[in-house]
Structures are given as C-alpha cells and as structure tokens.
Amino acid sequence: MAAHRHILNASQFDRPFLDRLCRLTNKIRQFDKSKEGLIYLQSLLAHKRAMLYFTQPSTRTYLSFQSACHILGIKNSEIRDPSTSSERKGESIEDSLQTFSSYVDLIIMRSPVGGLCDRIATMLDRSDRPIPLINAGSGPDEHPTQALLDIYTLERSFKNLGGIEGKTICMVGDLKRGRTVRSLAKLVTLYPRAKIIFASPKEFKIEADLRNTLKGSATEFLETEDFIDAISQSDAVYMTRIQDEYDVAGGDSSKVDSSKFCLLAEHLKIMKETAVIMHPLPRRNELDPAIDHDPRAKYWRQERNGMWTRVALMTTLLGVDEHILLPEL
Ligand code: CP
C-alpha cells in the first residue's frame, strides 16, 4: 500500500489503500457507538491543529472536515472568504498558504483553481515546515476525498452483493466539469469487472483526458445519451448537477437541454430492486426529492459517510490509524 504525504488526486490511491480505509472507517463508526469510544478518538490528535482554507462555496465538505477534526480532537482555524485575509492586501496565495503552515499541522483546502493544490503541495515540500495538504475540491479537476466516501458508500451498499467488483455504475449529468465524477471514475477502475456508463447531453460528455485514462485501464465504459436505458441496467446511479459556476470559461449551460437527465419518482420502477441512488449533493432538479424515502436512495447516508471517511483519512495521514485498527472494542 502506498504511503501518502498529501491527498491531491484520486490517481494516487491503490486498491489496498481503499480497502484499508474502508476497514478503518468501519472501525471508527464502532468507536462512535460509545462515549468511551468517542473520548478515545478525541484523544488521538488532540495535540494537532488544522487550517480549513475554503475559498469556493461548500457546505458538506467543509462541515464534514470540521466535524472530523472535532471527532479527533484537532483544533481548527478557517478562512472561507479571502477578502478578509491579507490576500486582500495583495499577498500571493503561495505566501498565504506558507503562512498557514507556520501555525498548523495540516492544511485542508478547496479552491476554484484546478491544479492549485499540486502547486501548493510542491511549495510546502520545499519549505521548512512540509506539512500535509488535503485537496477538498480543486476547480473542475479533482475531488479525491469525495471519491473516497463514494467508494465507501458503494462498498457498504453492496456488502452482501459481492462489493463493487462486477457492478455497473452509471454517472449522470455534467460529466465534463463535474470533479466528483472525474475522481470517482478513476477509483472504479481499481475494481475488477466493474463497468461505467456515462449518461449526459453531448455538450457535457467526459473530457478527453479521463476518456484516455479509462481506455488505458481494464474497465469497460460507454458514453450514451439514453438515460432510461442506462439507469435500467445499472447497479448504482450517481447523479450530478450542472456545474454552471464554470460557465464563463465553458459556455452557457442554460442553452443545453438537460431535462432528459433528471431522476424522477416515475423512474424508480425501471431501476433494479438492488440498485443504489447516489449524489454528491447539492442537488437541483436533477434528483427529485420524492425519491428521498425510497430505500435505494443513499445520498444522505453518503454525506454522513463523508465525515467518517475523512476521520479515517486524517488518522492515516497523521499516523495514528494503527491506534484505531489494533484495539479490541
Ligand atoms: N459534495 C460536495 O463537495 O458538497 P459541498 O460543495 O457542499 O462541499
């Protein structure tokens, strides 16, 4: 299993890492069942501090990382609006991040700029305080921690059905600019015989780099505009919203007819009984709230799983994961 200094993209993970992270997350959830377990978790990293630097909007990634810090006893600071920091006075983003590293032991950052996390990680590695950095979403390119929680949710959902291996996973929506899809698709390639169906309007098809990555893997995939056929043969349907915050650079989403790529209550009857419905959230009209109480809807559980997988990830990155895996409860 590869060791990681930073969490930057989904390509850095291998299958042993994912399997171990899922085991670790399960164990952490067992600790959560008792007051003694939670106090134990809180003692593990009570000597650490983390910076949450989120300059792009976020609800669940921000709150789940913050909650994960609380669960582990990590004290956290935050900047969510750079206009309140010295960036307003002209400080470069590199100098800002270098400054954070003077005060904390871990940086968790979300940015609208693709590739920025890689640049900052390289800078940190050359600095006097080479602390770890976690990419919590970087422009349209990567959202690796979302992919980890998605894998955990899929594995749990298919626990009695042989896991993710051999399953057909349909990803729907804005596949061109949706970073969760880009990161998750790369991880699905680590599961033998898994198949991916990408269902989207032609304007929102996956980008060439992801297509080439998939062609270089053993994973079968197909791209289609036939939403009904795609969802009827899938074991998991992963809905995503149109990422119109990137319209300035990527065209006008409102001119694209995405109406055929909405999952409605009437579609439930054509889906497999054992299928799962996921969404990284937030949603708009592509996922009908009338579906929320169908037993196949896993997105609220998926969002809570995000907190537990992020606890597991931070214990791994900060070297206390064995203190969770080893003790008998
Ligand atoms: N899934 C996700 O990244 O949600 P937020 O944008 O609310 O963090």
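In this text the structure is predicted, and so the values were computed from the model without any measurement. (Residues numbered from 1 in each chain as written. Predicted model: local features only at pLDDT ≥ 70, side-chain atom pairs only at ≥ 80, totals over all residues. Heavy atoms only, no water.)

Undergrad: Describe in detail helix 5 (residues 116–125), supporting the description with residues and values.
TA: Here helix 5 has its buried residues at Leu-116, Cys-117, Ile-120, Ala-121, Met-123 and Leu-124. Each buried residue of helix 5 lies within a common arc of 160 degrees when the element is viewed along its axis, so the set occupies one face. Residues of helix 5 that are buried sit in contact with helix 4 (93–103), strand 3 (106–111) and strand 4 (133–138). (Buried < 20%, exposed > 50% of the residue type's maximum accessible area, 1.4 Å probe, protein only. Helix = DSSP H or I, 4+ residues; strand = E, 2+ residues; numbered from the N terminus. Arc of directions from axis to C-beta. Contact = heavy atoms within 4.5 Å.)

Undergrad: How would you sum up the site of the ligand? Please name residues and give values.
TA: If you check the shell around the ligand, you find Ser-58, Thr-59, Arg-60, Thr-61, Arg-110, His-143, Gln-146, Pro-280 and Leu-281 and nothing else. A distance of 2.9 Å is found between a nitrogen atom of the ligand and a backbone nitrogen or oxygen belonging to Pro-280. Look at the ligand: alone it shows 260 Å² of surface, and the protein chains cover 91% of it. Tallied by class, the residues present in the shell around the ligand amount to two nonpolar, five polar and two charged. Taken domain by domain, the makeup of the shell around the ligand includes at least three residues from each of domain 1 (10–142 + 304–322) and domain 2 (144–302). (Near = heavy atom within 4 Å. Polar contact = N/O pair within 3.5 Å; in protein donor to acceptor, adjacent residues only side chain to side chain. Areas by Shrake-Rupley, 256 points an atom, 1.4 Å probe, with all protein chains shown as cover. Nonpolar A, V, L, I, M, F, W, Y, C, P; charged D, E, K, R; others polar. Domains from an automatic or database assignment.)

Undergrad: Lay out the sheet that holds strand 6 (residues 195–199) in plain terms, naming residues and giving numbers.
TA: The strands making up a sheet are joined through hydrogen bonds of the backbone, oriented either antiparallel or parallel. Strand order in the open sheet made by the five strands is 7-6-5-8-9, with parallel pairing throughout. Because the sheet does not close on itself, it has two edges, and the strands there are strand 7 (220–224) and strand 9 (276–278). Taking the axes of each pair of neighbouring strands and ignoring which way they run, one obtains an average angle of 15 degrees across the sheet. Where strand 5 (residues 168–172) lies against strand 8 (residues 236–239), four bridges are found, and the strand directions are parallel. (Pairing = 2+ DSSP bridges. Axes fitted to C-alpha atoms, helices over the stretch in contact; angles between N-to-C directions.)

Undergrad: Explain the environment of Ala-218 to me, using residue names and the numbers behind them.
TA: Relative to the helices and strands, Ala-218 resides in the loop between helix 8 (208–215) and strand 7. We classify Ala-218 as exposed; its relative accessible area is 87%. In this structure the C-alpha to C-alpha distance between Ala-218 and Ser-253, which are 35 residues apart in sequence, comes to 33 Å.

Undergrad: Give a description of a positive patch on the surface that names residues and reports values.
TA: Residues Lys-33, Arg-156, Lys-159 and Arg-301 make up a contiguous surface patch of positive charge. Secondary-structure assignment places Arg-156 in helix 6 (residues 144–157). (Patch = residues over 30% accessible without salt bridge, like charges linked within 9 Å, V, L, I, M, F, W, Y side chains within 5 Å. Salt bridge = Lys/Arg side-chain N within 4 Å of Asp/Glu carboxyl O. Lys, Arg positive; Asp, Glu negative; His and termini not counted. Charge placed at Lys NZ, Arg CZ, Asp CG, Glu CD.)

Undergrad: Which residues make up the nonpolar core, and what values do they have?
TA: The biggest cluster of nonpolar side chains holds 64 residues, and the ones touching the most others in it are Ile-108, Ile-134, Leu-154, Met-171, Phe-198 and Met-314. Structurally, this core is a two-domain feature, drawing no fewer than three residues from each of domain 1 (10–142 + 304–322) and domain 2 (144–302). Those residues in contact with Ile-108 that lie beyond four places of it in its chain are Met-51, Leu-52, Tyr-53, Phe-54, Phe-65, Cys-69, Ile-134, Ala-136 and Met-314. In terms of nonpolar packing, the next biggest core, distinct from the first, is built from 20 residues, Ile-197, Leu-268, Leu-287 and Ala-297 among them. (Core = buried A, V, L, I, M, F, W, Y, C linked by side-chain atoms within 4.5 Å.)

Undergrad: So, the sheet that holds strand 2 (residues 75–79): which residues are in play, and what are the values?
TA: One open sheet accounts for four strands, arranged 2-1-3-4; its pairing is parallel. Every interior strand has two partners, whereas the edge strands, strand 2 and strand 4, have only one. Strand-to-strand twist of the sheet, defined as the mean angle between neighbouring strand axes without regard to direction, takes the value 15 degrees. Relative to strand 4, strand 3 runs parallel, the two being bridged by four bridges. By the bridge assignment for strand 4, Ile-107 is matched with Leu-133. Against the sheet, helix 4 engages strand 1 (49–54), strand 2 and strand 3, with an angle of about 160 degrees to strand 1.

Undergrad: How would you summarise the domain arrangement of the protein if you had to cite specific residues and measurements?
TA: Each assigned domain of the protein is listed with its residue range as follows: domain 1 (10–142 + 304–322) and domain 2 (144–302). When each unit is reduced to the centre of its C-alpha atoms, the spacing between domain 1 and domain 2 is 25 Å. Both sides together, the interface formed by domain 1 and domain 2 hides about 2,500 Å², and carbon and sulfur atoms give 55% of it. Considering only the surface of domain 1 that becomes buried against domain 2, Arg-15, Arg-60 and Asn-305 emerge as the three largest contributors, covering 23% of it. Seen at the junction of domain 1 and domain 2, the total is two salt bridges. If you look at where domain 1 meets domain 2, you find 20 residue pairs in polar contact (both at pLDDT 80 or more). Counting residues per element, the ones that place at least two in the side of domain 1 that touches domain 2 are helix 1 (15–31), helix 3 (60–72), strand 3, strand 4 and helix 11 (299–317). Of the residues that constitute the side of domain 1 that touches domain 2, the class distribution is eleven nonpolar, twelve polar and ten charged. (Buried area = accessible area lost by both parts, 1.4 Å probe.)

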